[in-house]
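Commentary on secondary and tertiary structure
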Amino acid sequence: SQELEQSPQSLIVQEGKNLTINCTSSKTLYGLYWYKQKYGEGLIFLMMLQKGGEEKSHEKITAKLDEKKQQSSLHITASQPSHAGIYLCGAALNAGGTSYGKLTFGQGTILTVHP
Amino acid sequence: KAGVTQTPRYLIKTRGQQVTLSCSPISGHRSVSWYQQTPGQGLQFLFEYFSETQRNKGNFPGRFSGRQFSNSRSEMNVSTLELGDSALYLCASRPGTDTQYFGPGTRLTVL
């Protein structure tokens, strides 16, 4: 099984709707990253979370880290077509600073936003 | 600052050939990591280089190798290409802090 599980695998929403993507780890999280990818392109960094209970926001995207559940959620408010893409969570699953160069990724969530 | 750059962006090779991909990190970043992305396996870590030394290695066969130069630029090499090596190869760089910034990737097709 995957060390990082994302759900759902795909999501289709109407413009203006809110949505949530979850990322659950089977191991202790030492750093959790959210990236966005357009198909066949590189990853765009969104946010990084390190401490349990930490919450960060950028424009209409909010990410939270639940350390006890070893889970992170990404919430998009009032979705727009520009939010469409593949959302990936990546994690450092080992202690120590060198582990941040070796990320384990979830399988991704494909988000479609219909205008 | 310029972002992470990767060359070439697209590459077509035949089985048995070898290939070299190049990555130039963001200026000042000393760590470069390489990842392979395929539809079946997703995004998987290959290796990380820091100050010309390999610091981490993923579970890939010895056909996959890399190196880093004194200016932090990195190359990865795949020898004896197989059909299954067709993938998007991504490199990422980071400074002394934690966040990795990714390049646009090199799309390798093996025929």
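Residues numbered from 1 in each chain as written. Chains lettered and ligands numbered in written order. Predicted model: local features only at pLDDT ≥ 70, side-chain atom pairs only at ≥ 80, totals over all residues. Heavy atoms only, no water.

Let us now look at the overall build of chain B. Within chain B one finds 0 helices and 11 strands. In sequence order, chain B lays out its α and β elements as β-β-β-β-β-β-β-β-β-β-β. Its C-alpha atoms give chain B a radius of gyration of 13 Å, within 12% of the compact-globule value 13 Å for 111 residues. Over its C-alpha atoms, taken along the principal directions, chain B stretches across nearly 40 × 25 × 25 Å. The burial tally for chain B puts 50% of its 111 residues in the buried class. Counted over contacts in chain B with a minimum sequence separation of 6, partners at least 24 positions apart contribute 52%. Here chain B contributes 12 positive and 6 negative side-chain charges, whose respective centroids are spaced 4 Å apart. (Helix = DSSP H or I, 4+ residues; strand = E, 2+ residues; numbered from the N terminus. Rg over C-alpha atoms; globule rule 2.2 N^0.38 Å. Buried < 20%, exposed > 50% of the residue type's maximum accessible area, 1.4 Å probe, protein only. Contact = heavy atoms within 4.5 Å. Lys, Arg positive; Asp, Glu negative; His and termini not counted. Charge placed at Lys NZ, Arg CZ, Asp CG, Glu CD.)

Note on placement: Gln100(B) falls in the loop between strand S9 (87-94) and strand S10 (101-102). For Gln100(B), a relative accessible area of 0% translates into the label buried. In this structure the side chain of Gln100(B) is engaged in a polar contact, spanning 3.0 Å, whose partner is the backbone oxygen of Gly101(A). Those residues in contact with Gln100(B) that lie beyond four places of it in its chain are Tyr33(A), Tyr35(A), Tyr100(A), Gly101(A), Lys102(A), Leu103(A), Ser33(B), Tyr35(B), Ala92(B), Ser93(B) and Arg94(B). (Polar contact = N/O pair within 3.5 Å; in protein donor to acceptor, adjacent residues only side chain to side chain.)

Tallied over the entire structure, the rule returns 11 aromatic pairs over all chains. Where Tyr35(A) meets Phe105(A), the ring centres are 6.0 Å apart and the plane angle is 50 degrees; that geometry is what we call tilted. Placement of the pair is Tyr35(A) in strand S4 (residues 31-37) and Phe105(A) in strand S10 (residues 104-105), with a sequence separation of 70 residues. Across the pair, exposure class does not vary: Tyr35(A) and Phe105(A) are buried alike. Their ring planes at 85 degrees and their centres at 5.6 Å tell us that Phe105(A) and Tyr35(B) sit as a pair that is edge-to-face. (Phe/Tyr/Trp six-rings, centres within 6.5 Å; stacked < 30°, edge-to-face > 60°.)

Let's shift gears to the interface of chain A and chain B. Contacts between the two partners involve 18 residues from chain A and, on the opposite side, 20 residues from chain B. When chain A packs against chain B, close to 1,600 Å² is buried across both sides, 53% of that on carbon and sulfur atoms. Here chain A and chain B share 6 residue pairs in polar contact (both at pLDDT 80 or more) between them. (Buried area = accessible area lost by both parts, 1.4 Å probe.)

Let us now look at the nonpolar core. One finds Trp34(A), Leu74(A) and Leu111(A) to be the most contacted residues of the largest nonpolar core, which totals 23 residues. When residues of this core are traced back to their parent elements, those giving at least two are strand S2 (10-14), strand S3 (19-25), S4, strand S5 (43-49), strand S7 (61-66), strand S8 (71-76), strand S9 (85-92) and strand S11 (109-114) of chain A. Once you skip the residues sitting within four places of it in the chain, Leu74(A) turns out to touch Leu19(A), Thr20(A), Ile21(A), Trp34(A), Met47(A), Ile61(A), Thr62(A), Ala63(A) and Tyr87(A). Of all hydrophobic cores here, the second largest spans 21 residues; its members include Leu11(B), Cys23(B), Ile26(B) and Leu46(B). (Core = buried A, V, L, I, M, F, W, Y, C linked by side-chain atoms within 4.5 Å.)

A cis amide bond links Ser7(A) with the next residue in sequence, Pro8(A), at an omega value of -5 degrees. Looking at the element boundaries, Pro8(A) is found in the loop between strand S1 (4-7) and S2. Even without a glycine there, the phi angle at Glu52(B) is positive, about 70 degrees. By the secondary structure assignment, Glu52(B) is in the loop between strand S5 (42-50) and strand S6 (53-57).

Turning our attention to the sheet that holds strand S8 (residues 74-78) of chain B. All names here are of chain B. Sheet architecture is open: 4 strands sit in the order S1-S3-S8-S7, paired in antiparallel fashion. The sheet terminates laterally at strand S1 (5-7) and strand S7 (64-68), the two strands that pair on one side only. Taken pair by pair, the neighbouring strands of this sheet meet at an average axis angle of 20 degrees, ignoring direction. As judged from the 5 bridges shared by strand S3 (residues 19-24) and S8, these two strands associate in the antiparallel manner. Bridging from a neighbouring strand, cysteine 23 pairs with serine 74 of S8. (Pairing = 2+ DSSP bridges. Axes fitted to C-alpha atoms, helices over the stretch in contact; angles between N-to-C directions.)

Here we come to the sheet that holds S7(A). Residues and elements named next belong to chain A. Strand order in this open sheet of 5 strands is S1-S3-S8-S7-S6, and the pairing throughout is antiparallel. Edge positions in the sheet fall to S1 and strand S6 (55-58), since each of these pairs with one other strand and no more. Here the strands of the sheet are splayed against their neighbours by 15 degrees on average, with no regard to which way each runs. Relative to S8, S7 is paired through 6 bridges, and the arrangement is antiparallel. In the sheet register, lysine 64 faces S8, and the bridge partner there is serine 73.

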